[in-house]
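Residue-level structure breakdown
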Amino acid sequence: MATSITITSLGQVYKYGGLEGFIAFTLITLALVLIVDKKWNSIDALLSKGYVSPILILCIVSLLICLFIALFPSANAGEYGGGSDADDALKIGAEAILSLSNPYHLQTYLGLPITPGLGAILLSIPFYLLGNVSYQNFFWLLILILLIYKYFKNFNTTLILCVFVYVINPLSLVQIITGVDHLTNGIYVFIPLLIFITLFHKKSQNKTLLFISAVMLGISISSRINFLFMIPILFAHIYHSSNYKQALKWTSVSTCTVLLLALPLYLNDPSSFTPVKNAAGRIGHNSEILQISTIFVTLIAVITTGIVCLKRYNQTKTSIFFNFALVQIISISTTVFTRAILSRNIEATDLITFDYGAFTIPFFAFVFITKISANDDVLEHQSLRKT
């Protein structure tokens, strides 16, 4: 957990705090994670007094909303950290889809192409109609809180997730303030995946709900090209948990959903399909797909995906969440180091690439709180046996 927070926030912390700031941040984060991990039983007991956790969760959500209201206009204008056109890309994309035109023929106010996939654009439309696509950051935050509480039936673990995802993670705070959707994108991929995995592992499966969650997962996967690695990882998880037919059936539902959303726009104008070209541009020095850097990073990602698909890495229900996040982090790190090697230099602007690690934050946080919750259950079971 500490590693995920420090790696994903590396660009932002180094940008404002330098190397010394990053070292200090890493040590503090590591200490906090270790304390929660080793002393969770005591922390859980302390938080269980009264309504401490629900009140603190409400305070966190209120704080994030206040920060957004107070700082978003200035941050979006570039007064803090240079601003971002991520919300503008979704806004323009939503307008294009509603007018039945190709969003990838347009540009943001910074002159950059629209890079989110159709899934991200579709999911942002309700919030565009409400006046600001950045409102989705709070909608999905609330859905995440409700889902985690329902899953664990414990406000304390829900609070810890909120703390690690939002409070002590500088990248998350920056993205909330600037309206960037990367963390939210990770959340709305995580949510249908968690629902699907939970339903799939039940003794009596609800086929209708499984189908709906698989479709929703496909829509969310189509939001960014890097989420395509979810499909083979999901296939392996289902295969090792059940059988080949089940794995093929359910991953086919998500895959077909992705293809139905992506192919029409791609076939309409392959040369302007920026979700693919942008990924290549982030890795290499231009938007050409076939270049040494893109081939190398893709190869590393494919090899890593192949390794985590082995049975030994799919022994628990949470394996899939860790495996997917691990592939993303390794791919992002490889991208940064590849660019540094090719340019024979590494700059703060290259480290900002680690911001894309925001996609993985809810996955790593879920694995961590599942671990401490399991430890708590073991201790409770041991104490019952003694009595």
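As shown above, the structure is provided for reference.
This report concerns the structure included in the present document. (Residues numbered from 1 in each chain as written. Predicted model: local features only at pLDDT ≥ 70, side-chain atom pairs only at ≥ 80, totals over all residues. Heavy atoms only, no water.)

1. A short note on the packing of helix α5 (residues 86–98) against helix α6 (residues 118–130)
Close contact between α5 and α6 brings their axes to 8 Å; oriented N to C, the two are set at 90°. With respect to their mutual orientation, α5 and α6 come out roughly perpendicular. Note on element contacts: α6 touches α5 through Leu118, Ala120, Ile121, Leu122, Ser124, Ile125, Tyr128 and Leu129, opposite Leu90, Lys91, Gly93, Ala94, Glu95, Ile97 and Leu98. A breakdown of the residues in the contact of α5 with α6 according to their chemical character gives eleven nonpolar, two polar and two charged. (Axes fitted to C-alpha atoms, helices over the stretch in contact; angles between N-to-C directions. Helix = DSSP H or I, 4+ residues; strand = E, 2+ residues; numbered from the N terminus. Parallel < 35°, antiparallel > 145°, perpendicular 65-115°, else oblique. Contact = heavy atoms within 4.5 Å. Nonpolar A, V, L, I, M, F, W, Y, C, P; charged D, E, K, R; others polar.)

2. Side note on the layout of surface pockets
Reported here for the second largest pocket is a volume of approximately 320 Å³. When contributions to the lining of the second largest pocket are tallied by element, the ones reaching two or more residues are α13 (244–268) and α14 (274–283). Ranked by residue count, the leading element in the lining of the second largest pocket is α13, at eight residues. A class-by-class count of the residues in the lining of the second largest pocket yields 16 nonpolar, four polar and one charged. (1 Å grid on protein atoms, 1.4 Å probe; cavity = no way out; pocket = protein on both sides within 12 Å on 5 of 7 lines; lining within 4 Å. Points joined across faces, edges and corners; volume = space filled by probe spheres on them.)

3. Re a nonpolar patch on the surface
A surface patch of nonpolar side chains, amounting to about 450 Å² of accessible area, comprises Leu299, Ile303, Ile307, Leu310 and Tyr313. Along the chain, the position of tyrosine 313 falls in the loop between α15 (292–308) and α16 (319–343). Residue class for tyrosine 313 comes out partly exposed when judged on its relative accessible area of 36%. (Patch = residues over 30% accessible without salt bridge, like charges linked within 9 Å, V, L, I, M, F, W, Y side chains within 5 Å. Areas by Shrake-Rupley, 256 points an atom, 1.4 Å probe, with all protein chains shown as cover. Salt bridge = Lys/Arg side-chain N within 4 Å of Asp/Glu carboxyl O. Buried < 20%, exposed > 50% of the residue type's maximum accessible area, 1.4 Å probe, protein only.)

4. Overview of the environment of glycine 119
Relative to the helices and strands, glycine 119 resides in helix α6. Accessibility expressed as a relative area gives 0% for glycine 119, which makes it buried. Contact partners of glycine 119, with chain neighbours within four places excluded, come to Ile219, Ser222 and Ser223.

So, to be careful, I would describe these as geometric facts and stop short of saying anything about function.
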